[in-house]
Amino acid sequence: MNRILIIEDDPTLNEGIAMTLEGPDVHLQRAETLKQAREIIKAQLPDLILLDVNLPDGNGFEFCKELRRQTDLPIIFLTANDMELDIVRGLELGGDDYITKPFSLMILRARVNSVLRRRGDKQTAEQSALFRSGGLNLDFYNMNFSRDGQPVILSRTEQKLLKLLVVNQGQVLSKELLLDRVWGTEYVDDHALTVTIKRLRDKLGTRQIKSIYGIGYRWEQEDE
C-alpha cells in the first residue's frame, strides 16, 4: 500500500489528482495548507508527497527543506512556476520531480508511478544488502557496520572482502578468487589475505569466518 499525500490549495485540482491516483494499492491523503500537511505527516509519514509551491500559509520550497532535515521520502513539486531557475531550485532542494501547471493528469500518474517504482527498487536494494547475525549488523548498501550496537570502522578492502564472504555464505571461496576479486590486478600474496581476515575477525568479534585448510574461507551461519 502506497500512502500519497497531496498538498494543493486548489480544491478542484486536489480532487482531480486524487481521483486520478486512487486505486486498491493506494491510500490518499489530502491537504490544502502546510498546517494540515504537518498534522498528517506527524501522524504517519507518507511514501510520496505531491507538493504545490505556492500555498496559503507558506512556500513549498521551504517546506521541502524542512522535510529533508528529517526524511528522504519522494517529493514531486506541482507549480505554475515554469522558469528554469525555479525547476533547478526545486530539484536541488531535494525534489524528485517537478511538474508545471497545467499538466495532464495521466502524465502525472505515470510520473508518480515512476517515482514510487524507483523508491521500491531502492528499498529492495537496501534490504537485500542488509545482513544481521547475532550482534552484527552489516549494511552493505550504506556501508555501515556495527557490533552489539557499536559502530565498526572497516577499510574499503575489509568491506569488499566481508561482502564477498557474507553474500556467498555457506560456500567455500578459494584464496585465488578472493585475492582476484578484492585486490584485482595489484600484486599481493596470501599474507595480505590472511592479515585482512584476521582484522575482520578481530573487529567483528566473530567466529563465522571459517578457514578451510589449503583452500580458502567460508562465512558460516551463526553458531548455535
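Enquirer: I keep staring at the sheet that holds strand 14 (residues 216-219) and nothing clicks. Help me out?
Expert: Strand pairing in a sheet relies on backbone hydrogen bonds, with the paired strands running either antiparallel or parallel. With respect to topology, 3 strands assemble into an open sheet ordered 12-14-13, the strand pairing being antiparallel. The open sheet is flanked by strand 12 (173-174) and strand 13 (209-212), the only strands paired with a single partner. Here 2 bridges tie strand 12 to strand 14, and the two strands are oriented antiparallel to one another. Within strand 14, the position partnered with Leu173 by the bridge is Tyr217. Strands in contact with helix 6 (residues 156-167) are strand 12, strand 13 and strand 14; relative to strand 14, the strand with the most contacts, it is inclined by about 65°.

Enquirer: Honestly, helix 7 (residues 175-183) in this entry has me stumped. Any pointers?
Expert: Residues three or four positions apart in an α-helix share a direction because the helix packs 3.6 residues into each turn. Along helix 7, the positions that sit buried rather than exposed are Leu178, Leu179, Val182 and Trp183. Seen along its axis, helix 7 keeps its buried residues to an arc of 100°; they face one direction. Exposed positions of helix 7 whose direction lies more than 90 degrees from the buried face are Glu176 and Arg181. On its buried face, helix 7 sits against helix 6, strand 12, helix 8 (190-204) and strand 14. The positive-phi residue at the C-terminal boundary of helix 7 is Gly184, with phi of around 60°.

Enquirer: Could you clarify how one ought to interpret the packing of helix 6 against helix 8 in this entry?
Expert: Relative orientation and spacing of two packed helices are given, respectively, by the angle between their axes and the distance between those axes. Contact pair helix 6 / helix 8: the axes reach a minimum separation of 10 Å and the direction vectors enclose 85°. Between helix 6 and helix 8, the crossing angle belongs to the class labelled roughly perpendicular. In this structure, helix 6 uses Thr157, Glu158, Leu161, Leu162 and Leu165 to contact helix 8, whose residues at the interface are Leu193, Thr196, Ile197, Arg199, Leu200, Lys203 and Leu204. For the contact of helix 6 with helix 8, a count of residues per class yields 7 nonpolar, 2 polar and 3 charged.

Enquirer: Help me out: how do you make sense of the pattern of salt bridges in this one?
Expert: If charged atoms from side chains of opposite charge come close, those side chains can pair. As enumerated under the stated definition, the model contains 11 salt bridges in all. Ionic contacts of the salt-bridge type, sharing partners, join the residues Glu8, Asp52 and Lys101 into one network.

What counts and how
- Residues numbered from 1 in each chain as written.
- Predicted model: local features only at pLDDT ≥ 70, side-chain atom pairs only at ≥ 80, totals over all residues.
- Heavy atoms only, no water.
- Pairing = 2+ DSSP bridges.
- Helix = DSSP H or I, 4+ residues; strand = E, 2+ residues; numbered from the N terminus.
- Contact = heavy atoms within 4.5 Å.
- Axes fitted to C-alpha atoms, helices over the stretch in contact; angles between N-to-C directions.
- Buried < 20%, exposed > 50% of the residue type's maximum accessible area, 1.4 Å probe, protein only.
- Arc of directions from axis to C-beta.
- Parallel < 35°, antiparallel > 145°, perpendicular 65-115°, else oblique.
- Nonpolar A, V, L, I, M, F, W, Y, C, P; charged D, E, K, R; others polar.
- Salt bridge = Lys/Arg side-chain N within 4 Å of Asp/Glu carboxyl O.

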